[in-house]
Amino acid sequence: MNKTEKIVKQVLKTGIISWLIVLGLWYIASLFYDEYFLPSPAETFGGIATLIKNGTLSADIIASVSRSAKGWLLGIIIAVPLGLVVGSFKTVRWLIEPILSFMRFVPAIALTTLFLMWFGVGDSSKVALIFYATFFSIFINTIAGVASTDDSLPEAASCMGAGRLRLFFTVTVPSAIPNIFTGIRLGLSGAVLCVIAAEMLAGNDGLGYLIQSSKLYYKTSWSFAGIITLALIGFIADRTVLFIGRKFLKHFGVK
């Protein structure tokens, strides 16, 4: 492979070419429509600049990120220990599984009305919805992680005199960490998706509200601004979590 081919390969790896193609196709498509239907990249970035200048975008980002983080962290705090316990006892798992299999197919958005009645129209209902959206991904993956523990490991530890509690912390938990980490990443995606839906249906700030309310001002570019910002936040958050996992949990098998 010569030097030119290496450079081309490196450029392709960065994804710059892909984004340039997307922007080019977007620009060409925007020539056939007005700004209200399909704003051009320049009009969209102009809308982003306006929202940054008047402070709307930063306030909405803070609101959405704060709600997502609260619901997601609450999901981790509750789902991981509960999943470890349920996964460790087959009798408990048999009791929980039918309910779990039923509830996990109820989307969080379907519970919006109930949560608004139970928790009010403030942040509590939105955080509760996000918690619900993240809980099952983390919980199910944690149980799967416990269930996938190699049977020979507890047996070997027992032969060396390890008690049940020690087996749990030295064998079960470490073996389940890769699955738990996968559940945490999936839960993060669920948190980002759910916060937007919640803010669109019942909110007065946040990126979801920005996307929803842009139609009132005939500013489709603001809607695009919210969507792009959301995607960027989700991407950065996922990469940050993945970096932390690979750095600190590598010896547990997280890749």
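Here the structure is a predicted model, which means the values were calculated and not measured.

1. Some words on the packing of aromatic side chains
Given two aromatic rings, one states the distance between the centres and the angle between the planes to describe the pair. Under the criterion given, the structure shown has 10 aromatic pairs. Between Tyr36 and Tyr218, the aromatic rings sit 5.5 Å apart at their centres with planes inclined by 45 degrees, giving tilted as the arrangement. Pair noted here: Tyr36 is in the loop between α2 (16-30) and α3 (41-53) and Tyr218 is in the loop between α10 (207-213) and α11 (220-248), with a separation of 182 residues, a long-range link. Classification of Tyr218 by relative accessible area gives exposed; the value is 61%. Each ring, one from Phe135 and one from Phe139, has its centre 5.0 Å from the other, and the planes form 20 degrees; the classification is stacked. Placement of both Phe135 and Phe139 in helix α7 (residues 123-147) is noted, with a separation of four residues, approximately one turn of the helix. Take Phe135 and Phe139: they sit in the same class, and that class is buried. Among the aromatic residues, ring-to-ring pairing joins Phe115, Trp118, Phe119, Phe131, Tyr132, Phe135, Phe136 and Phe139 into one connected group.

2. Things to note about empty space enclosed by the protein
A complete count under the given rule lists one cavity of 30 Å³ or more for this structure. One number sums up the size of the largest cavity: a volume of about 30 Å³. Around the largest cavity, the lining residues are Thr112, Leu116, Ser125, Lys126, Leu129, Ala198 and Ala202. Counting only elements with at least two residues in the lining of the largest cavity, the list comes to α6 (112-119) and α7. Grouping the amino acids of the lining of the largest cavity by side-chain chemistry returns four nonpolar, two polar and one charged.

Parameters and conventions
- Residues numbered from 1 in each chain as written.
- Predicted model: local features only at pLDDT ≥ 70, side-chain atom pairs only at ≥ 80, totals over all residues.
- Heavy atoms only, no water.
- Phe/Tyr/Trp six-rings, centres within 6.5 Å; stacked < 30°, edge-to-face > 60°.
- Helix = DSSP H or I, 4+ residues; strand = E, 2+ residues; numbered from the N terminus.
- Buried < 20%, exposed > 50% of the residue type's maximum accessible area, 1.4 Å probe, protein only.
- 1 Å grid on protein atoms, 1.4 Å probe; cavity = no way out; pocket = protein on both sides within 12 Å on 5 of 7 lines; lining within 4 Å.
- Points joined across faces, edges and corners; volume = space filled by probe spheres on them.
- Nonpolar A, V, L, I, M, F, W, Y, C, P; charged D, E, K, R; others polar.

All we've got here are geometric facts, nothing functional implied.
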